[in-house]
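What follows is each chain in one-letter form.
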Amino acid sequence: MKLTILGCSGSLGAPGNPASGYLLSPDDGSSVIVDLGPGTLAALQEIQNPADAHVLFSHLHADHCLDFPSLMVWRRFHPELKATQRHRCLGPAHTPVHLGRLTADEPDDVDDFSDTLEFTAWRHGHTETVGGVEVTPFTASHPGEAYALRMQDPVSGKVVAYSGDSADHPNIVAAARGADLFLCEAGWGPTSEGKIMGMHMSGEEAGRIAAAAGVKRLGLVHIQPWTDKEATLAAARTEFDGEVILGEPGMVFDV
Ligand SMILES: [Zn+2]
Ligand SMILES: [Zn+2]
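A quick note: this is a predicted structure, and the numbers were derived from the prediction, not measured.

**Things to note about the overall build of the protein**
Within the protein, the secondary structure is distributed over seven helices and 14 strands. Burial analysis of the protein (255 residues in total) assigns 56% to the buried set. Total accessible area on the protein is roughly 10,200 Å²; 52% of this is exposed by carbon and sulfur atoms.

Structure (structure tokens):
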């Protein structure tokens, strides 16, 4: 399995780094987009045909889904590379309405995208097979319906876990348990002290969760453009003895 960071800037894009979006490439040759924040569709075009992929949403904050309307244009109208099959789309229950509004022509319309994507709502703890990977969502601690995702190759048993956006919560430890790669948000920078509850994690908390879950590698993502990344990395390393990496766009992890 390969995991490519399309963009991992926290809450909004940064120069040279789109907002949140990842490409998971399971060993069977299928492709799975995991979040599609602003700027990530352009990055995806440099790697493969964006229409040849399933689409997962951890949650529907703008920084995780705003390239969806552009993906719909590509899937439906690209002269040579439009979608030739319906792919799966999984996300919070309100995904068809929320994203359907983004692709509709009139303010109160909801575009029905079932012509090109087959939608299924996440259910906490219920594993879905998406292309060549098994994905289990865990309810996250974040405003609105949000999930951490545990993605496992059924043949090799390798696991990539992704926190999505979440505050520190036992479900994130469960999602990341024993993962070969854990991409964890550190939206609050080095520490959560003085920050809003129930929204994001710090590097320190990401490190603590990585240690509690016994992951092999920790990748820190979703760090906001105004935050000190090196201090966030150092904070994670105070809590986790394993390998800790600062996520950067274009980074590819072999799992
Ligand atoms: Zn976010
Ligand atoms: Zn969010």
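Now, onward.
**Comments concerning the coordination of the zinc ion (ligand 2)**
Here the zinc ion (ligand 2) is held by His59 (NE2), His61 (ND1), His142 (NE2) and Asp165 (OD), and the distances to it run 2.1 to 2.4 Å. Of note is the zinc ion (ligand 2), whose four donor atoms meet at the metal with angles of 89 to 168° in an arrangement that counts as irregular. Read in sequence order, the donor residues for the zinc ion (ligand 2) give the motif H-x1-H-x80-H-x22-D. Between the two metal centres, the zinc ion (ligand 2) and the zinc ion (ligand 1), the spacing is 3.5 Å, with Asp165 acting as a shared donor.

**Details of helix H6 (residues 203–213)**
Within H6 the residues assigned to the buried category are Gly203, Glu205, Ala206, Gly207, Ile209, Ala210 and Ala213. Those residues of H6 hidden inside the fold are in contact with helix H5 (170–176), strand E11 (181–185), strand E12 (217–221) and helix H7 (229–237). After H6 finishes, the residue Gly214 shows a positive phi value of roughly 65°.

**Focus: the nonpolar core**
One finds Ile172, Phe182, Val215, Leu218, Leu220 and Val244 to be the most contacted residues of the largest nonpolar core, which totals 28 residues. Of all the secondary structure elements, the ones that give two or more residues to this core are strand E10 (159–162), H5, E11, H6, E12, H7 and strand E13 (243–246). Residues contacting Phe182, with those up to four places away along its chain left out, are Ala161, Ser163, Ile172, Ala176, Ala206, Ile209, Ala210, Val215, Arg217, Leu218 and Gly219. By size, the runner-up hydrophobic cluster in this structure holds 25 residues, among which are Val34, Trp122, Met151 and Leu181.

**Here's the deal with the sheet that holds E13**
If you walk across this open sheet you meet the seven strands as E7-E8-E9-E10-E11-E12-E13, and the pairing is mixed. Strands at the two margins of the open sheet, each flanked by one partner only, are strand E7 (128–130) and E13. Ignoring strand direction, the axes of neighbouring strands in this sheet form an average angle of 20°. Sheet contacts for H6: E11 and E12; angle to E11, the most-contacted strand, approximately 150°.

**Here's the deal with the coordination of the zinc ion (ligand 1)**
Looking at the metal site, the zinc ion (ligand 1) is ligated by Asp63 (OD), His64 (NE2), Asp165 (OD) and His222 (NE2), spaced 2.1 to 2.2 Å from it. Coordination of the zinc ion (ligand 1) draws on donor residues from a single chain, spaced D-H-x100-D-x56-H in sequence.

**Here we look at the pattern of salt bridges**
Following the criterion strictly, the structure yields six salt bridges and no others. A cluster of three or more residues bridged by salt bridges with shared partners is formed by Arg76, Asp111 and Asp115.

**Remarks on the sheet that holds strand E2 (residues 21–25)**
Pairing between the strands of a sheet comes from backbone hydrogen bonds, and it takes one of two forms, parallel or antiparallel. With respect to topology, seven strands assemble into an open sheet ordered E6-E5-E4-E3-E2-E1-E14, the strand pairing being mixed. With one partner strand each, in any of the chains shown, strand E6 (117–121) and strand E14 (252–254) form the two edges of the open sheet. Taking the axes of each pair of neighbouring strands and ignoring which way they run, one obtains an average angle of 20° across the sheet. Sheet topology places strand E5 (residues 87–91) next to E6; five bridges connect them, and they run parallel.

**As for the pairing of strand E8 (residues 133–139)**
Burial analysis of E8 places five of its seven residues in the buried class, which makes it a mostly covered element. Relative to E8, E7 runs antiparallel, the two being bridged by three bridges. Note that in E8 the partner of Thr129 across the bridge is Glu134. The antiparallel hairpin formed by E7 and E8 contains two residues in its connecting segment, where Gly131 sits at a positive phi of about 55°. Here six bridges tie E8 to strand E9 (residues 147–152), and the two strands are oriented antiparallel to one another. Residue pairing for E9: Phe138 is matched across the bridge by Ala148.

**Describing the UniProt feature "domain: Metallo-beta-lactamase" (unreviewed entry) in the protein**
Feature annotation in UniProt assigns "domain: Metallo-beta-lactamase" (unreviewed entry) to the following positions: residues 34–223. Counting secondary structure, residues 34–223 comes out at 25% helix and 24% strand; the distance between its end C-alpha atoms is 17 Å.

**Here's the deal with the packing of H6 against H7**
Where H6 contacts H7, the axes come no closer than 7 Å and their chain directions differ by 35°. Once H6 is placed against H7, the crossing between them reads as right-handed. Between H6 and H7, the contacting residues are Gly203, Glu204 and Gly207 on the first element and Thr232, Ala235 and Ala236 on the second. Each residue belonging to the contact of H6 with H7 can be placed in one class, and the counts come to two nonpolar, three polar and one charged.

Criteria and cut-off values
- Residues numbered from 1 in each chain as written.
- Chains lettered and ligands numbered in written order.
- Predicted model: local features only at pLDDT ≥ 70, side-chain atom pairs only at ≥ 80, totals over all residues.
- Heavy atoms only, no water.
- Helix = DSSP H or I, 4+ residues; strand = E, 2+ residues; numbered from the N terminus.
- Buried < 20%, exposed > 50% of the residue type's maximum accessible area, 1.4 Å probe, protein only.
- Areas by Shrake-Rupley, 256 points an atom, 1.4 Å probe, with all protein chains shown as cover.
- Donors = N, O, S within 2.8 Å, 3.2 Å for Na, K, Ca; no water.
- Tetrahedral: all angles 85-135°; square planar, octahedral: opposite > 155°, others 65-115°.
- Contact = heavy atoms within 4.5 Å.
- Core = buried A, V, L, I, M, F, W, Y, C linked by side-chain atoms within 4.5 Å.
- Pairing = 2+ DSSP bridges.
- Axes fitted to C-alpha atoms, helices over the stretch in contact; angles between N-to-C directions.
- Salt bridge = Lys/Arg side-chain N within 4 Å of Asp/Glu carboxyl O.
- UniProt positions renumbered as here; feature names shortened; annotations may be inferred.
- Left-handed = near helix turned anticlockwise from the far one by under 90°.
- Nonpolar A, V, L, I, M, F, W, Y, C, P; charged D, E, K, R; others polar.

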